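In case you want the letters, here they are:
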Amino acid sequence: MPSLFHFQLLSAALFVIGMYGVLSRRSAVLIVMSIELMLNAVNINLIAAASHLNGIGGFIRFDGHVIAIFVITIAAAELGLALAIILRIYRNRQTVNVDEIDLMRG
Amino acid sequence: MDWAWLIPVFCFAAAPVIVVAGRFLPGKGASLSVLAIAGGFAMFWVVLAGFLGAGPASNDCFTSVDTRALTCAFSLSWFQAGDVQFFWGIVIDPLAVVMLGLVTFVALLVQIYSLGYMHGDPRFGWYFAVHSLFAAAMLTLVLADNFLLLYVAWELVGICSYLLIGFWHERPAAKEAAKKAFIVTRIGDVGLLVGILLLWREVGSFSMADAFDAARTGAMSEGVATAAALLLFLGAMGKSAQVPFHVWLPDAMEGPTPVSALIHAATMVVAGVYLVARAFPIFQAYDADPLLVVAIVGLVTALMAASIALAATDLKRILAYSTISHLGLMMLSLGAFGYTAAVFHLLAHGFAKALLFLAAGSVLHSTGEQDIRRMGGLRRVMPLTALVFSVGALSLGGIPILAGYWSKEEVLAAVGYHRNAAFLVFALLASFLSALYMARAMFAAFFGATKPGLEQVRDAPALMAWPMVLLAVLAAGFGWVSFNWPGAYDGLGTFLFFGQAHGFKFTWWLGILSAILAIIAFALAVLVYVRGADFHHAARARFALVIRVVENKYYFDEVYQWTVDRVVLAFSGLVALFDRAVVNDLAVNGPAHFIRRLGFALRLHVTGHVYSYALGMALGTVGLAIFWWLRST
Amino acid sequence: MESFDQIALLLLLVIPLAGAVLLMFAPGGRASREVWLFSVFVAVASLALSLVIFARYDYDQGGFQFTRTFEWLDAPLNIDFSLGIDGISAPLVLLNGIVLLGGVLISQAIRYRTRDFFVLLLALGSGVFGVFAVRDLFFLFFFYELAVLPMYLLIGVWGSSTDFGTFLRTKEYGAMKLMLYLIAGSVLVWVGILAVYVEAGAAGVPTFSLAELGTLVPEGQFSETFQTLVFPLFLIGFGVLAGLWPFHTWSPDGHVAAPTAVSMLHAGVLMKLGAYGIIRVGLVLLPDGAANWMPVLISLGTVNVLYGAVSAMSQQDLKYVIGYSSVSHMGYVLMGIATLDRVGVAGGVLQMFSHGIMTALMFLLVGAIYDRAHVRDINVLNGLSNRMRVTSFFFAIAVLTSMGLPGLSGFIAEFMVFTGAFRTYLPLAVLAVIGAALTAVYVLRLLARTFLGESDVRWQDLTDAGGMEKAVGGAFVLILIFVGVWPDPLTRVINASVATLPGV
Amino acid sequence: MLTVSWFVFVLLAVLTLGGALGVVLTRNVVHAALALLLSLLATAGVYLVLFAEFLALVQVLIYGGAVTIVVVFALMLTRGGDYPRISDNKQWPLAAAAAVGLLAVLVPAFLINTPEDTQAQSPAFSELANSLFTRWAIPFEIASLVLLVALVGAIIIARSGRDEG
Amino acid sequence: MPDLTANLELLTPEFALAGLAFLVFTADLLLPVRGKVVLPWLAAGGLAGIIILSLLMLWGENQTLYDGLLAVDDYSLFFKVFFLGIGIFIVFASIDYVNQFLENPGEFYGLLLLSILGMNVMAQSRELLTAYISLELLSFSLYVLASHARSSPRSNEAGLKYILVGAFSSAILLYGISMVYGTLGVTRFDDISAALAAVNGVSPSLWVGVALILVGLGFKVAAVPFHMWAPDVYEGSPFPITAYLAIGSKTAAFALVLRLAAEGFVPAVERWEQWQVILAVLAAATMLTGNLVALAQRNLKRLMAYSGISHGGFVLAGLAALSSGSHLASNGIMLYLVGYCVASLVVFAGLIAFFNTTRRETITGLAGLADSRPFLAASIAIGLFSLGGLPIFAGFAIKFYLFTAIAQAGFLWLAGLAIFSSLVSIYYYLQVIRQMYIEPASDGQDEGTGEPLEEPVSTVRLAAGPSALLLAVIGIGIAALFWIGVYPAPLLDPIEAASQAILP
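Residues numbered from 1 in each chain as written. Chains lettered and ligands numbered in written order. Predicted model: local features only at pLDDT ≥ 70, side-chain atom pairs only at ≥ 80, totals over all residues. Heavy atoms only, no water.

The next point concerns the overall build of chain D. Summing up its helical and strand segments, chain D has six helices and zero strands in all. Put simply, chain D runs from its N terminus to its C terminus through helices and strands in the order α-α-α-α-α-α. Considering only contacts within chain D whose residues lie at least 6 apart along the sequence, 59% involve residues at least 24 apart. Of the accessible surface of chain D, which amounts to about 7,800 Å², a share of 77% is contributed by carbon and sulfur atoms. (Helix = DSSP H or I, 4+ residues; strand = E, 2+ residues; numbered from the N terminus. Contact = heavy atoms within 4.5 Å. Areas by Shrake-Rupley, 256 points an atom, 1.4 Å probe, with all protein chains shown as cover.)

With that settled, the discussion passes to the state of the cysteines. Residue and element names in this part refer to chain B. Taken as a whole and assessed by the stated rule, the structure comprises zero disulfides over all chains. For C11, which is in no disulfide, the shortest distance to another cysteine sulfur is to C160 and amounts to 11 Å. Residue classification places C11 among the buried residues on the basis of a relative accessible area of 2%. (Disulfide = S-S within 2.5 Å. Buried < 20%, exposed > 50% of the residue type's maximum accessible area, 1.4 Å probe, protein only.)

With 11 residues of chain A at the interface, the matching set in chain B holds 10 residues. When chain A packs against chain B, close to 890 Å² is buried across both sides, 67% of that on carbon and sulfur atoms. Among the residues of chain A in contact with chain B, L23(A), V98(A) and G106(A) are the three that bury the most area, contributing 50% of the side total. Joining chain A to chain B, the criterion identifies zero salt bridges. One can count four residue pairs in polar contact (both at pLDDT 80 or more) joining chain A with chain B. (Buried area = accessible area lost by both parts, 1.4 Å probe. Salt bridge = Lys/Arg side-chain N within 4 Å of Asp/Glu carboxyl O. Polar contact = N/O pair within 3.5 Å; in protein donor to acceptor, adjacent residues only side chain to side chain.)

Counting residues at the interface gives 90 residues for chain D and 68 residues for chain A. In total, chain D and chain A occlude about 7,000 Å² of area from one another, counting both sides; carbon and sulfur atoms represent 74% of this. In this structure, the connection of chain D to chain A is made through one salt bridge. Here D63(A) ties to R135(D) by a salt bridge, and the two come within 3.6 Å at their closest N and O atoms. Counting across the chain D and chain A interface gives nine residue pairs in polar contact (both at pLDDT 80 or more). If you list the elements that add at least two residues to the side of chain D that touches chain A, you get α1 (2-25), α2 (29-49), α3 (53-77), α4 (92-112), α5 (125-133) and α6 (137-158) of chain D. Sorting elements by how many residues they give to the side of chain D that touches chain A places α1(D) first, with 13 residues. Here the side of chain D that touches chain A is composed, by residue class, of 58 nonpolar, 21 polar and 11 charged. (Nonpolar A, V, L, I, M, F, W, Y, C, P; charged D, E, K, R; others polar.)

What follows concerns the environment of G166(E). Residues and elements named next belong to chain E. Looking at the secondary structure, you find G166 in helix α6 (residues 153-184). The exposure class of G166 is buried, given its relative accessible area of 2%. Considering only alpha carbons, one finds G166 and V473, 307 residues apart in sequence, at a separation of 31 Å.

Next up on the list: the pairing of strand β1 (residues 65-73) of chain C. Residues and elements named next belong to chain C. By the bridge criterion, six bridges tie β1 to strand β2 (residues 79-85) in an arrangement that is antiparallel. Pairing of R68 across the sheet is with L83, part of β2. Turn length for the β1-β2 hairpin, with the two strands adjacent in sequence and antiparallel, is five residues, and the turn residue N78 shows positive phi of about 60°. (Pairing = 2+ DSSP bridges.)

In structure tokens form, the structure reads like this:
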């Protein structure tokens, strides 16, 4: 039976991959997608901890699950808003390529 | 006598009044100035009488232990600085009394003379204002009982001389001469001030009496005594135009002639001599090494100046160099313990030289001419001037029974007794030279054939004549005051060293020798300038080089000029450049620019690309996590 | 009268500040004449007040008087707004009153943004009053910065740029440099203050009150190492403002750029804040550190004297000459302080006063000349004494004072400094005396070139200084002579407090 | 049993990470979207392994459904004709370095302290709901406001206003 | 199950605020275009009402709700009133701008209100998730508001950059939370501190988790190296939103961080003493970077962004100085936040007024302002002087307080660094002032720097002059600056109470 550590390992890897995506991608949409991956990693971490450690050391039961639900909600909302802004930029600039979006710098 | 302090105060009071309200007073305030100094002169007699009358019994008066001179001091607090109390006070002792007489009298005469001489000058009032200020300062200098006050007066006479030399500052020469005079004397003043402060450091008070007691009793270490004496002498050299500080005095002749008569002949320039005489105890302390220096400097000055005077052709400059030379003689005499002789010569020379200057002034005033080569035979057109000038010249030249003769003889005697033969020989040479150039000036200017263009000149007006006459009388007969008149009064020396028998001792062989030398000198002059014999041209030809050196005043001015231009100003230019280039642009602007550059460089890290921002955050995250981890374990 | 003593200093701070604020919000305060009159009124009031305070200072009793303390911030910070002056600050308060009034009076001709000008000028004045009148480190620093703050605009807006051929000094540069310099100095001061506060807190008395901190010193709460480490912060920090070499260059450049009144206040008063700070904070709180660092300070002071004099010799611009002479004369102040000798310190304080009046006078006259001739180059100007008789006379008095001519205040002060220095640092003292002689060189050079001699046709129709300038200048001249002849009224006040300085 | 759960876990992990890698590496946006979908669904599987059925359900509904659809729409709407070849930016090596660095920090951090382990259990829905609506009521309500803001914002930003004809 | 909602009424202000937001939304829907001018007044009035309501209801309350997720204490009350006040001023400052340049006023004000709600909850949340959610409420509103000028590419770009980096950072923050939760199993601050104190031996995932949380919050307060989004977002956002970002969101984030540190970390003393230096280093980097890069700016918004970063650095330094022993640091932080906000508000209000009339936002664009609009120039100058930390304005007092706290906590070096970097800051503040006061007016077409203006839109009409409302806002702000600068004691009483609440 995989232990908590394995799940944490999984989440860490997922988080890092998502981060790499954010840092390396050019298309704003893909960056948003990568961020979703990172949030998933968070959720895996939370749920794994919640379900493995309940009852130990003053844990309130299943807070992890609750937090995870919030995270999912926020993530969805964030995604929606981000995509809306991306659309707006696409309309004004005909690109979603973040290294063409650098009117302001310095 | 308790009112002696009034003497300077009169003049001090007069000066500002003339400046502010002069134009409303009769004679633009000149009258006020003359009145003040006249009052001073009157007070002098009161003081003298009181002093002769006073005994050690009377308050504020005591007889100092070594000189046993009666001294009366009045002192009151000036101000308290930290833990040091500053006083101003006056001391009245024979030396002070004598100087008082000289200063008040000559100043009075010169101011009266100036009424005529400066008549119609646009800055007439200003002239007299500064004159009063000068008189005040000079009298303070004479009366000061502590070194601080002396220094104050010392500087004040300096600035007055600056103002009067530069009186006609529209003339560039006058402007430069004034600056030169002040700066050169100022160099000496540094020595004076340092010396004073050194004495204070040792003695703990600025009072002269304390300093002298310390010097006498040995409370003052020898090192300090010697150093202080030399430093004071440095100041004296500056004021009394001793070599190598003599360069300013001839140029000072750019001032109005009466000024030259008063300040640069009779009074201010002798302040140095007065200082040395005043501080004699310090010079004498221990084995009196400083006096040897004084003697040497005096001798060198006397010879050098006399030789230059011989080559000079400008009447006033001749007189100026003669002044320097005679100041040298006085120093020499002091250096040879000839205290009395120095003071005596100081007085005699003062009257005679003032007279000569006034006479030269009257010549200048009438003819507008200063070069003796273009004068001649003036005795026909201005007999009075010629007469008084001759009296002065003969007296200074050392023709017997005139004042100068006695005083010079005293000096020579002192040198003869206390210094070795070499000194005496050179001293005799100096006195011979002084007779020679005096005779030259006199005969060249007033005798011989009248030069064309001088026939119509007229003699001095009364206002200028009378002072000259009075001075002439003194220049001729002043010698008698130094003799011993058994019963009534036994000699200047005895007066100066109260009670002690420093009577007048005539040294026959010296007296005769100097008389002969003087007469030879005058005879030569007669031959050359009246009879027109010209064997001296041969001499000129043979000693061409020497002559040129002498005529160029031993190139002192050139050397100084070079130093100022090439060293002082160059250095200051260098410093100014350093200040701007290094201190400012490098050390100040440098860091500022560096920081701005840094800002512009750092600016680039905000690339404008989201992913690089995220990268920064990611790296920051890793770093922070590691840092946190490390700190926590 | 007791009640007066209670509020005297408060009034002293409030009057100029309130004047400035009123002026700022005065309806229709744009008519320059009215603005000027109002400012004159305020300045006169301050001067009168400072005169009364100075006169009422009881020098027999000594110590701090007119004291008053208001709670400002209590624990955990402990800042009191506590007022009080002693014999050292009393003359400086008087000085500020005098110079401020002078500056306001001769600024009659300011037409451009008159209101702002006088608002800033008065703010500056009240800042200086504050520094001299408070007894709490926080407020000392507060007013210190308040005095610096207006300088930027005063110079930047009303100043002038000059092209010296080889290099250019714009007013922006001068203003910015002065501002950054002084604030850089205050950075060190600030750090020093914090250090003292922390140390006092370690001793169980976290406070900024100079009085309370002063009581810690004799108890040895500040270890010698601490003092030795912290003192340089104050030394340099305040020294910058005092024109300490090599941190002096802001001063001449600032002068060249500044308008007349500002130059007067800047050289006349502002530079004194630094020296005052060294005494009030450095000497009082860190006597041991001071003792250890004084050899450095007196050496630097001597450098100031000589360096300033020498570089003044070859300056071409009148204001540069005076600026560098200020550097040179502040050297005497620093030397006097560094002697840690009663005469010396007293001399330093007196020199602050004397130099304040003297430089103010010089800049006033230079301003008068510049307004008429529109040049300050001493090679271009000449023979002014024929055209501007009174101006030249006053200027001569001023420069003679700076030359240390007896009978004028400068001599007394410098002589006292020398006296003190001779007791403590003989060789440097001799150097300083030589420096005094050097002064004569550039002063006479200046007089000869600019004022004496024939004047060109170019200056034929130059008019003499205006009535107001004559009046103020005359007053300054009288003060210089008065102090030079009878310094006792000042010195006895100064002595009263110098004697009580620790380590002196 | 053991082997089975291990097998399932590994399988899901591979799918999750593989999908994730697909998202961040592929050159084709459509593939990226699909990879994202895959990864998200696999994550739901992971939740199941953790006995978090409810969350698995939510995950499938929200991510698998809504999110992916939105993303695809966004891709369609922002198609610039440059799809086949979306490349990475120049800094990708640095990015990789940062990622690896973070991994190198996280893994040992997890490895060093793993509290003693218990069997994973699943909460009863009722408990979850209960705590969600009692203890976590405030965050819940704020979250609803967040959604509102996102909604309003998305509308006013994305809708075509008067400024474009 | 205990009754968690016994004292639900304590949240009335929050509910009222949410209700107000909905009211604005609906009013916006119902009102005709012409009638929408009432919206801002509705919002402002509502906010004022809520301030009064909160003061009446919550004065002196000290309770927790929902099992300690939320605290209703003096601390939250202080910040609640503070944020609501900021809200009012921002609304007033926005009115003209919104009328001139923006569509959808209803959404604008509504989102503003919701973000204020988020800030309030941030200030009173004592649990990580609650804090996070309320933080997201604030962030989402700001994402929308930043990109609110739909037609402006800069505004879009600002929104995009903000939301991408923001989402990234919130992912990191969440991961940190998950790690803390995964290690301790608790998310309440007090539990965390208890656990921290209890944790013995190594627990790296906890520490890394804390670090990640700090990253997420550091993004919000724009701490180096998480600051790079700030300049772009500030520049691109509509001007009032720039002000709001600089004032509101930064302060709210600090309110959260301060409570987290004070309740979550500080009680675990030895841990905290290990961690202080980390914050100190972060602070040092932040203040230096902000000030140095600000030197190179040409655009006013960017300048304010960087200056904001540096001020954030000062506050971070204050955080590093927190200690369970004294309230000095926490007082200092809160005082500083207030002073900083007021000063920035004055500056921004002036700049907005300037922008409304000229559409210029570059530094050189300000040239000659002192002649054309003296009051605006003066107010901007006063604000900048205050930000630069010069006295009689708030800046000096608050800086002195904060830096004293830093030094007192043993970070004298950090205090020195802070003082030095505020010296640097004075340089660029003076550059702005120089443009306004010294440089002559430029014709507006070419501003000398190649910084392009927003291309003028024909539909936009420029205001003739700053509206009375803006001037009133500025006037009040300046008055507050003087008040805080001269006598902050009254303000410190509630601050002390707030510190008492979080650091018993």
